[in-house]
Amino acid sequence: MFSKPLLDVLTGRKPDRRPLWLMRQAGRYLPEYREIRSKSKNFLNMCLTPDLATEVTLQPLRRFDLDAAILFADILLVPLAMGVALDFREGEGPVLERIESKKIDRLSYDSQKLAPVFETIRRVKQDLPEKKTLIGFCGAPWTVACYMIDGTSKKNFIEAKRWSLDQPESLDLLIDRITQASETYLAAQIDAGVEVVQIFDSWAGLLQGDAFMRFVIEPTRQLVMRLKKRFPHIPIIGFPREAGDGYSPYIRETGVDALGLDPFVDLQKAKIELQPIKPLQGNLDPALLLRGGEEMKGALENIMTLMGPNHILNLGHGVLPQTPVEHVSELVRIVREFES
Ligand code: 1CP
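Rules of the game
- Residues numbered from 1 in each chain as written.
- Predicted model: local features only at pLDDT ≥ 70, side-chain atom pairs only at ≥ 80, totals over all residues.
- Heavy atoms only, no water.
- Axes fitted to C-alpha atoms, helices over the stretch in contact; angles between N-to-C directions.
- Helix = DSSP H or I, 4+ residues; strand = E, 2+ residues; numbered from the N terminus.
- Contact = heavy atoms within 4.5 Å.
- Nonpolar A, V, L, I, M, F, W, Y, C, P; charged D, E, K, R; others polar.
- Phe/Tyr/Trp six-rings, centres within 6.5 Å; stacked < 30°, edge-to-face > 60°.
- Lys NZ or Arg CZ within 6 Å of the ring centre and 35° of its normal.
- Buried < 20%, exposed > 50% of the residue type's maximum accessible area, 1.4 Å probe, protein only.

Caption draft 1: The packing of helix α8 (residues 158-166) against helix α9 (residues 168-192), seen in detail. In contact at an axis separation of 5 Å, α8 and α9 are set at 115 degrees when each is read in the N-to-C sense. Counted together, A160, W163, S164, L165 and D166 of α8 and P168, S170, L171 and L174 of α9 form the full contact between these two elements. Here the contact of α8 with α9 is built from residues that sort into six nonpolar, two polar and one charged.

Caption draft 2: Seen up close, the packing of aromatic side chains. In the structure shown here, the tally under the stated rule is eight aromatic pairs. Plain terms: the ring middles of F118 and Y185 are 6.0 Å apart, the flat faces sit at 55 degrees to each other, and that makes the pair tilted. Linking F118 in helix α6 (residues 115-127) with Y185 in helix α9, this pair joins segments that are 67 residues apart in sequence. With a centroid separation of 5.0 Å and 70 degrees between ring planes, the pair formed by Y147 and F157 is classed as edge-to-face. With Y147 in helix α7 (residues 141-150) and F157 in the loop between α7 and α8, the pair connects residues that are 10 residues apart, well separated along the chain. Through a chain of ring-to-ring contacts, three or more aromatic side chains come together here, namely Y33, F43, F72 and F88. Above the plane of the ring of W203 lies R241, whose end atom (NZ or CZ) is 4.9 Å from the centre.

Caption draft 3: How the structure looks around unusual backbone geometry. Backbone torsion omega between G282 and N283 reads -5 degrees, so that peptide bond is classified as cis. Counting through the fold element by element, N283 comes out in the loop between β8 (280-282) and α13 (286-291). One non-glycine residue, N156, adopts positive backbone phi at about 55 degrees. Note that N156 resides in the loop between α7 and α8. For N156, a relative accessible area of 56% translates into the label exposed. Of note, the phi angle at F157 is positive, near 55 degrees, even though the residue is not glycine.

This is the structure we're talking about:
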């Protein structure tokens, strides 16, 4: 058995080296991604064509010495499989058909619609080098609900927030449906071969207090508990982006195995308050990767010195499309040289 650094850290073993991967490591900053993207019909088509999605998932590992591949897909495939119309418009981001509260009962998740995603996983697994880990993912119920209620991210999910205040029971109902669908979706990803899953709660920071407990922590706890019952050996990384003070109850109460930190988290504080509880991941500012040079190097060395070898090196959010490829090579070199 080869040891895998990411799995080692997530299961409490000492890794051979610091695990390193990057959120949005496959994406528009890579010329080989843009090439495939320009030849395919649209973004959704790319996600649902195993040939293309497999290739794009593996691209960053061919270029860089990373420890994990993350499945090329999108969190919005779950609403799509629940019957919601979805379009990714050029330069505009995703646009979804907005859900009305009286239509929640009509949503029905059809896993078959995402069969190409599971085929992609099987193909990636066949080609993945032995020491690399394959990460699957979904959006957290709250974040997916945000897109389903507002239809776009353009208005900061004001309608979803309104539901949390005006009709919390409808939001509970919608979130329950999404939680069920996400469990089935992640279970199928695991059956197809992913070894770790990450739950992206990109809009966790929009809620505070009781609403944060009710719509972020509770559904995540449910999802994690149900997956753990079926797949106790599969580590789960939670990423409640911009949750601020919510990070502490999140790590204590959701049952996730590791916690992704956004760039706003104070690392000194995280080291004292969060790291003794579970392994941590992140939190280099993607803007520093965009900039490169001494500032990026200093920030990386600070993370590695402070957090030690059992920290999962990553950004605090996704690679920005404008990032020069050489800066990513430089980041990988700095991390690897720090160790030797
Ligand atoms: O080529 C393109 O223009 C498409 C850009 C793109 C990419 C590369 C989108 C549209 N999705 C993806 C892939 C993707 N999305 C991955 C693949 C694996 C990897 O990280 O390399 C993952 C994990 C996601 C997850 C995702 N999609 C999130 C959670 C993480 C985050 O960024 O906060 C969210 C919020 C989405 C929705 C989405 N999909 C795409 C865009 C541009 C967005 C965000 C739009 C918005 O601001 O609301």
